[in-house]
Amino acid sequence: DEVKAWTIRKGFKAPQAAGVIHTDFEKGFIMAEVMSFSDLKELGSEANVKAAGKYRQEGKNYEVQSGDVIFFKFNLGKGK
């Protein structure tokens, strides 16, 4: 597995944060699946975080918080 980190400015909404990684992520933003790093560290795996009910789905108005671990879902559709 590979892990990368990007610096996101305070106050960025989820689509803006996705755009820091790649502009297509912002354009085709669907949702952000979010967990906190502290929960991940404490519980040991993504599966355990989900089982504990601490994994959540957030929309375009979600303000990214320090320590968030995010899986962005996006779709640009065919030919965009």
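Computed from a predicted model, the values in this text were never measured in an experiment. (Residues numbered from 1 in each chain as written. Predicted model: local features only at pLDDT ≥ 70, side-chain atom pairs only at ≥ 80, totals over all residues. Heavy atoms only, no water.)

Examining the sheet that holds strand S2 (residues 56–58)
Piece 1. Taken in spatial order, the 3 strands make up an open sheet running S2-S1-S3, and their pairing is antiparallel. If you trace the sheet from one side to the other, it starts and ends with S2 and strand S3 (68–74), each paired once. Strand-to-strand twist of the sheet, defined as the mean angle between neighbouring strand axes without regard to direction, takes the value 30°.
Piece 2. Pairing geometry for strand S1 (residues 29–36) and S3, over 7 bridges, is antiparallel. Note on S3: the bridge partner recorded for methionine 35 is valine 69. (Pairing = 2+ DSSP bridges. Helix = DSSP H or I, 4+ residues; strand = E, 2+ residues; numbered from the N terminus. Axes fitted to C-alpha atoms, helices over the stretch in contact; angles between N-to-C directions.)

Some remarks on the environment of alanine 47
Piece 1. Within the fold, alanine 47 resides in helix H4 (residues 46–51).
Piece 2. We classify alanine 47 as exposed; its relative accessible area is 53%.
Piece 3. The sequence separation of alanine 47 and asparagine 61 amounts to 14 residues, and the corresponding C-alpha distance is 26 Å. (Buried < 20%, exposed > 50% of the residue type's maximum accessible area, 1.4 Å probe, protein only.)

Functional significance is not addressed by these values, which are geometric in nature.
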